[in-house]
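Understanding the architecture of this molecule
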Amino acid sequence: MYKQEFNWLLSGKFIKWLFIGMIAVFVFTFFLTSSIFIRPLYRSEAIIYVPLTLFSHQYEQQGIGFASDAEIDGHIQMLQSTQLLDSLNEIYGLAGAYGIDISRPGGLERLYRRASDRISIQKTRYGSVSISVRDENAQTAADMANEIVRLGDVIKNDLLMDNRLAAYRFAKDLYESKLAEIDAIEQRLAAAILYENEGSELFSIQMTRERIGFEAELWELTERRNRYEMMRKSLEMDLPSSYRVTPAIAAGKPSWPPRLPFASVASLAFALIFVFVVMIRKDVRTTK
């Protein structure tokens, strides 16, 4: 009884119209998602590794240090900043390309939201950072992805420059203050040696202490000078740039809309709806 009720599913007429309908829907959807109706978007991706921020640590690891998770997260925040989006807007004219008047109220917010929808920045499971850009022009998408990598390094260097200068001034003050202390100790030692040469024994104990303290202060002065010299040299160099593992290149075909998946899903949806409608119609006829 059950098999007889659903024999129509295997009938040639049903399969014929189902097959024709699925093909028609597939072709129609595939045509509807073409560039005639929807402007395609091309996707390009750049993959980078974030380097160590501290120059001293980078120096200790011979210039090949990789950032920690905290530094990677901080770098991603810089890549997602509105400062970077402003720079992209100046370079590529995003506001004009998106048809947004940033002089109007809420225009800048719309620009940031629209640009952020086209840009994806994520940390991968391998510890690298993926910078993905979608645009109507394949070459522009690739150029923007590579430019984001460069701008991220520029922004990081600019943001941290004030802190680097403060650290340099602090190291300089420590070195100069210790140098002044050394000069004072040298003067006292010179005076003590003068009394000793005159045959006085009043300063012999004090001179011994001064000499011991002088040697310790010289070691401290050397460490501070080395630290100061390293800070001074590091200011002459930019922070380590990102390791570009995979530079972005222009895509050969659009990534949006996914025409084949859309057409396939629409075709399957038609098949389900067609079967459901036929079942309802047969139930109604049986009831009558």
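Residues numbered from 1 in each chain as written. Predicted model: local features only at pLDDT ≥ 70, side-chain atom pairs only at ≥ 80, totals over all residues. Heavy atoms only, no water.

1. Some thoughts on a nonpolar patch on the surface
Put simply, the test is: Each patch is built from residues lacking any salt bridge and having more than 30% relative accessible area; the joining distance is 9 Å for like charges and 5 Å for nonpolar side chains (Val, Leu, Ile, Met, Phe, Trp, Tyr). Accessible surface is estimated by sampling points in the Shrake-Rupley manner with a 1.4 Å probe; for residues, cover comes only from the protein chains shown. Just to be clear on terms, a salt bridge is a Lys or Arg side-chain nitrogen sitting within 4 Å of an Asp or Glu carboxyl oxygen. A run of H or I in DSSP counts as a helix once it spans at least four residues, and a run of E counts as a strand once it spans at least two, with each numbered from the N terminus. The cut-offs for exposure are 20% and 50% of the maximum accessible area for each residue type, with area from a 1.4 Å probe on protein chains only; residues under the lower value are buried, those over the upper are exposed, and the others partly exposed.
There is a patch of nonpolar side chains on the surface, built from I273, F276, V277 and I280 and spanning about 380 Å² of accessible area. Relative to the helices and strands, I280 resides in helix α10 (residues 259–287). Judged by relative accessible area, which is 38%, I280 ranks as partly exposed.

2. Some words on the nonpolar core
We count it as follows: The criterion is simple. A nonpolar core is a set of buried Ala, Val, Leu, Ile, Met, Phe, Trp, Tyr and Cys residues joined through side-chain atoms within 4.5 Å.
Within the largest apolar cluster, 31 residues are counted, with the highest numbers of intra-cluster contacts made by L88, I121, V129, I131 and I148. Taken together, the elements giving at least two residues each to this core come down to β1 (42–49), α4 (69–79), α5 (82–92), α6 (94–98), α7 (107–118), β2 (119–123), β3 (129–135) and α8 (138–197). In terms of residue count, α8 provides more of this core than any other element does, eight residues in total. Listed in part, the nine residues of the second largest apolar core include Y168, I182, F214 and Y228.

3. Structural notes on the pattern of salt bridges
What the rule picks out here adds up to eight salt bridges. One salt bridge connects R118 with D135, and the closest N-O pair in it is separated by 3.9 Å. Linking R118 in helix α7 with D135 in strand β3, this pair joins segments that are 17 residues apart in sequence. In this pair, the class of R118 matches that of D135, namely buried. The salt bridge partner of E181 is K178, with a shortest N-O separation of 2.9 Å. Here K178 and E181 lie together in helix α8, a separation of three residues that amounts to about one turn.

4. Let's talk about the sheet that holds β2
Just so we agree on the cut-off: One requirement defines pairing of two strands: DSSP has to find at least two bridges between them. Where helices are involved, their axes are fitted lines through C-alpha atoms of the stretch in contact, as for all axes, and angles between N-to-C directions lie from 0 to 180°. What makes two residues a contact is simply this: any of their non-hydrogen atoms within 4.5 Å.
Spatially, four strands are ordered β2-β3-β1-β4 in an open sheet, and the strand pairing comes out antiparallel. Of all strands in the sheet, those with a lone pairing partner are β2 and β4 (243–246), marking the two edges. Geometrically, the sheet is characterised by an average inter-axis angle of 25° between neighbouring strands, direction not taken into account. Bridge count between β1 and β4: three bridges; the pairing is antiparallel. Within the sheet, the bridge partner assigned to I48 lies in β4 and is R244. Along the sheet face, α4 touches β1, β2 and β3 and points at about 175° away from the line of β2.

5. Describing the packing of aromatic side chains
Note the threshold: Think of it this way: a Phe, Tyr or Trp ring, Trp meaning its six-membered ring, pairs with another when their centres are within 6.5 Å, and the plane angle makes it stacked under 30 degrees, edge-to-face over 60, tilted otherwise. A ring has a charge above it when a Lys NZ or an Arg CZ is no more than 6 Å from the ring centre and no more than 35 degrees off the ring normal.
Applying the stated rule across the entire model yields zero aromatic pairs. Positioned above the aromatic ring of Y98, the side-chain terminus of R114 is 4.8 Å from the ring centre.

6. A word on the packing of α5 against α7
As a reminder, the rule being used: In this scheme, roughly parallel covers angles under 35 degrees and roughly antiparallel covers those over 145, while 65 to 115 is roughly perpendicular and the rest are oblique. Each residue gets one of three labels, nonpolar for Ala, Val, Leu, Ile, Met, Phe, Trp, Tyr, Cys and Pro, charged for Asp, Glu, Lys and Arg, and polar for the others, Gly among them.
Packing of α5 against α7 brings their axes to within 11 Å, and their N-to-C directions diverge by 90°. Between α5 and α7, the angle is such that the two are roughly perpendicular. In this structure, α5 uses T82, L85, D86 and N89 to contact α7, whose residues at the interface are L108, L111, Y112, A115 and S116. Each residue belonging to the contact of α5 with α7 can be placed in one class, and the counts come to five nonpolar, three polar and one charged.

7. Looking at α7
Quick reminder of the rule: Expected helix span is taken as 1.5 Å per residue step, with the number of steps being one fewer than the number of residues. This arc corresponds to the set of directions leading from the helix axis out to the C-beta atoms.
Helix length check: α7, at 12 residues, gives a terminal C-alpha distance of 17 Å against a target of 16 Å (1.5 Å per residue), a fit within 8%. Of the positions making up α7, those classed as buried are G107, L111, Y112, A115 and R118. Projected down its long axis, α7 shows its buried positions confined to an angular sector of 140°, all on one face. The outward face of α7, more than 90 degrees from its buried face, is lined by the exposed residues E109 and D117. Where α7 is buried, its residues meet α5, α6, β2 and β3.

8. Points about the side chain of H75
Residue placement: H75 occurs in helix α4. Judged by relative accessible area, which is 1%, H75 ranks as buried. In this structure, H75 is in contact with I48, V50, G152, D153, K156 and S242, ignoring residues within four places of it in sequence.

9. Structural notes on α4
For α4, the complete set of buried residues consists of I72, H75, I76, M78 and L79. Looking straight down α4, one finds that the buried residues subtend no more than 155° of arc, so they occupy a single side. Facing away from the buried side of α4 by over 90 degrees, the exposed positions are A70 and Q77.

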